[in-house]
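# Per-entry structural report
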Amino acid sequence: MSSPQPNGTTVTVNGHGGSTSLGASTERIQIVDEEKKFTSNLKEQIEKWGLLDSGFGYNIVSVFGSQSTGKSTLLNRLFGTTFDVMDETKRQQTTKGIWMCRGKDMSVMVMDVEGTDGRERGEDQDFERKSALFSLASSEILIVNLWEHQVGLYQGANMGLLKTVFEVNLGLFGKKASDGTSGRTLLLFVIRDHIGQTPLANLQATLTADLSRIWDSLSKPSELKDRQLSDYFDLAFTALPHKILSADKFESEVAELRKRFADKSNPDYLFKPVYHKRIPADGVPFYMEGIWEQVQTNKDLDLPTQQELLAQFRCDEISAVALSEFNEQAKSQKRPVEAGKVVEGLGAMMKDWKTTALTRYDRDASRYHKGVYTRKRGDLISALDATLIPLFLGQLKNLHKSCLVTFKKEMLDGLRGEEYSFADVVGKARRKCEGTFADGAKEAMVEEDTTKWGWEDELALLKEEIGVVADQCRKDETKKMLNQIERNIKKHLSEPVELHLNKASKDMWDEILRSFREVLGKAEAAYSTKAKSFDCTEEENISSLAALSKRAWLVLRAKIDEQTAEPVFLGKLRNHFEERFRYDEQGVPRVWKPDDDIDGAFKKAKDQTLELVPLYSKIAPTDPSLEFELPSESSDVLAGTDEFDFASTLVVFSETKSLELTNKFRKDADAYYVEAKRSTVSSVAQ
Ligand code: GDP
Ligand code: MG
């Protein structure tokens, strides 16, 4: 090993710091050091050069040649790079390992490769092979730098190097040459210190002949034995004057050569698209490191595999970046949705996040291996949907809830007031509610595909619940209506019942039942009219009408009870008796005289009055057609009453009660009798 010396200029290895006077954009980096270790800072450096996002819009060029043939000097002149140049007074090898630098004002990555002379690194011949492999796998142009006097020295170091390059190239691109994608490389021979005695054309002819001979001497695999040098390489030749003896000419010709690298419109532009190795700029660090690793471990370098590995790595990375940005966005709406909020415009937001993520992925990842790119895109979509679909379903659930609330409110508003059609109110509320749900659900869909983004099931659930609520409302309304009708029955029964019970005529019950039937008939008609708009089922109508009859009957019974309560009824008996005992047929109060038949009159009036007890004790019309009947077992679900025995409701007074009332009345009557007797005695005495 030689003893490498620091070269005076202050340059930080691996891209930290760097020369300030030249600016960050031409900071250089040692990508492979003397220990043959690959740098871990290449990505950072490419980013600093501003090339990381350039896709395929960059070029890579590297240089080969013996030590101290002015390679670094040439690169610095051509590309404005900052590679170390040998100090004339020390004459030591300067470039160790492999360096890289961005060209000044050019999107070019330039590689300066350690000289291959074997003089100083003789014991380490395979570095030459490794660096050749490495350079060929990525470079579009290989500059082969040599002195004029080296031309034709077939046994010289250069020829050994070229043989290595050719062999390595066959290994790398041999099989792939036919698909034409990435196999081609330009070999640019730069002949230094060209004095001019031998024209360039002659030098070129000599070199070309040498190259053919080398090519022919290669031991090629049998399937590639017919392949020509020109199947893989384009050759270009140029010469530069002596740097010291014709310094001005040297500078001007270097400047001319620079144009062929820098200026796309130059007819001799060197970076032809066909040489590009199609590694996206952001994949270069991973790709190069992978290549170097393979080269180091002496494994067969299989470029398609390397490209696929690169694609997997990069597509994963790109996908992860897109996904994390997406997750950040999605997180903002996760909480509100989980808290039950219907998020306005959620669908538009979700579409936007998804499109942004995919656009981002496509922009960077589509440059990589198609198959890998497509597969990883599918994975990304699944990951995005795995976040979006729960949001979508959450939104549907919340929408469902809020629509149901709206429905209830609409129902309440619609059923306020007297004049409404229940069916209309329900229909309107239902349409509004289902419409709002469908609109919201459609908005929330990220894709048209309803297998993933379906909302019909949720709508079906909502419809079911709307049905339940509507049913409940109808039941409540029916109940309210029945109560209202019952109040009306009470109002209309009150007067006729009082009137007829006061008359105590033989057909009293006929009259009462006639009135009852009339009032009930009207009530039933009122129910039927209203029930039509309720969309009630036949069953519901039957049970409602049954309830109505029973309630009406109970209203009647309550009124009868009120009118036949003991004091009221005894009062009726007293009145009836008085009218007959204390007044004569003309309604004039009687003044009893001693010979009047008080006993006879008393008995008659009393007997007539006592006839009322059996009349009132049972609801019994004289006309049997007026008899009313209710099914005894009918239990009113709406009112929640239990068993009901109709027959017992016809009885106003039980027999015991009748006897008791009779006895009480007798006592009252006796008092009248005694009073009448006394009045005759006193009138006689006067
Ligand atoms: P490298 O080892 O091939 O990178 O060579 P350097 O660029 O470090 O240059 C080695 C020496 O050759 C330096 O002293 C340069 O000044 C000198 N030099 C550079 N270019 C030329 C040239 O075109 N002709 C001659 N004669 N010397 C050169
Ligand atoms: Mg050098």
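Treat the numbers as computed from the prediction; the structure is a model and nothing was measured.

### Let's talk about the overall build of the protein chain
- Along the backbone of the protein chain there are 19 helices and seven strands.
- By residue count, 46% of the 686 residues in the protein chain fall in the buried class.
- Just so you have it, the protein chain exposes about 34,700 Å², and 51% of that area is on carbon and sulfur atoms.

### Points about the side chain of His576
- Counting through the fold element by element, His576 comes out in helix α15 (residues 566-581).
- Once you skip the residues sitting within four places of it in the chain, His576 turns out to touch Gln608, Thr609 and Leu612.

### Considerations on the site of ligand 1
- The environment of ligand 1 is made up of 16 residues, and the closest members are Ser72, Thr73, Met86, Glu88 and Asp193.
- Contact distances for ligand 1 include 2.9 Å between an oxygen atom and a backbone N or O atom of Ser68.
- For ligand 1, an oxygen atom lies 3.0 Å from a polar atom in the backbone of Gly70.
- When ligand 1 sits alone it has 580 Å² of accessible area, and the protein chains cover 92% of it.
- At three residues, helix α2 (residues 71-79) tops the list of elements feeding residues into the shell around ligand 1.

### Describing helix α6 (residues 247-262)
- The terminal C-alpha atoms of α6 lie 22 Å apart, and with 16 residues this matches the ideal 22 Å at 1.5 Å per residue to within 8%.
- Three or more residues of α6 are buried, namely Phe250, Val254, Leu257, Arg260 and Phe261. For α6, the angular spread of buried residues about the axis comes to 100°, placing them on one side. Looking at α6, the residues exposed on the side facing more than 90 degrees away from the buried face are Asp248 and Lys249.
- Looking at the packing, one finds that the buried side of α6 touches β2 (59-65), α2, β5 (141-147), β6 (185-192) and β7 (233-239).

### What about the packing of aromatic side chains?
- Evaluated as defined, the whole model comprises 29 aromatic pairs.
- Look at Phe581 and Trp592: their rings are 5.3 Å apart centre to centre, the planes differ by 35°, and that puts the pair in the tilted class. A residue pair is termed long-range when its members are at least 10 positions apart, and Phe581 in helix α15 and Trp592 in the loop between α15 and α16 (598-610) qualify at eleven residues. Considered together, Phe581 and Trp592 belong to a single accessibility category, that of buried residues.

### Notes on the environment of His500
- The residue His500 is located in helix α12 (residues 456-503) in this model.
- Along the sequence, His500 and Glu511 sit eleven residues apart, while their C-alpha atoms lie 6.9 Å from each other.
- Apart from the residues within four sequence positions on either side, His500 is in contact with Met508, Glu511, Ile512 and Ser515.

### Some words on the nonpolar core
- Ile31, Phe166, Met288, Trp553 and Phe581 are the most contacted members of the largest nonpolar core, which totals 167 residues.
- The element contributing the most residues to this core is helix α10 (residues 370-414), with 14 residues.
- Leaving out residues up to four positions away in the same chain, Ile31 has contacts with Lys37, Phe38, Thr39, Leu42, Ile98, Trp99, Met100, Met111, Phe134 and Met288.
- Counting 27 residues, the second-largest nonpolar core is a separate cluster that includes Val61, Leu74, Ile143 and Tyr269.

### So, the sheet that holds strand β4 (residues 108-113)
- If you walk across this open sheet you meet the seven strands as β1-β3-β4-β2-β5-β6-β7, and the pairing is mixed. Of all strands in the sheet, those with a lone pairing partner are β1 (28-32) and β7, marking the two edges. Here the average twist between neighbouring strands, direction ignored, is 25°.
- Across the sheet, α2 touches β2, β4, β5 and β6, and the angle it forms with β4 is around 170°.

### Overview of the UniProt feature "binding site: GTP" (unreviewed entry) in the protein chain
- Per the UniProt annotation, the sites labelled "binding site: GTP" (unreviewed entry) are Gly65, Ser66, Gln67, Ser68, Thr69, Gly70, Lys71 and Ser72.
- Assignment of secondary structure puts Gln67 in the loop between β2 and α2.

### Points about helix α5 (residues 200-217)
- When the terminal C-alpha atoms of α5 are compared, their 25 Å separation across 18 residues agrees well with the 26 Å that a helix rising 1.5 Å per residue should span.
- Taken residue by residue, α5 has Leu203, Leu207, Asp210, Leu211, Ile214 and Trp215 as its buried positions. The buried residues of α5 occupy an angular sector of 140° when projected down its axis, which confines them to one face. Away from the buried face of α5 by more than 90 degrees, exposed residues Ala201 and Asp216 are located.

### Here we look at the pattern of salt bridges
- Counted according to the given criterion, the structure contains 39 salt bridges.
- Among the salt bridges present, the one from Glu328 reaches Lys331, with a minimum N-O distance of 3.9 Å. One end of the pair, Glu328, and the other, Lys331, are both in helix α8 (residues 303-338), three residues apart, so they sit about a helical turn from each other.
- Relative accessible area serves as the criterion here: at 55%, Lys331 is assigned to the exposed category.

About the cut-offs
Residues numbered from 1 in each chain as written. Chains lettered and ligands numbered in written order. Predicted model: local features only at pLDDT ≥ 70, side-chain atom pairs only at ≥ 80, totals over all residues. Heavy atoms only, no water. Helix = DSSP H or I, 4+ residues; strand = E, 2+ residues; numbered from the N terminus. Buried < 20%, exposed > 50% of the residue type's maximum accessible area, 1.4 Å probe, protein only. Areas by Shrake-Rupley, 256 points an atom, 1.4 Å probe, with all protein chains shown as cover. Contact = heavy atoms within 4.5 Å. Near = heavy atom within 4 Å. Polar contact = N/O pair within 3.5 Å; in protein donor to acceptor, adjacent residues only side chain to side chain. Expected span 1.5 Å × (residues − 1). Arc of directions from axis to C-beta. Phe/Tyr/Trp six-rings, centres within 6.5 Å; stacked < 30°, edge-to-face > 60°. Core = buried A, V, L, I, M, F, W, Y, C linked by side-chain atoms within 4.5 Å. Pairing = 2+ DSSP bridges. Axes fitted to C-alpha atoms, helices over the stretch in contact; angles between N-to-C directions. UniProt positions renumbered as here; feature names shortened; annotations may be inferred. Salt bridge = Lys/Arg side-chain N within 4 Å of Asp/Glu carboxyl O.

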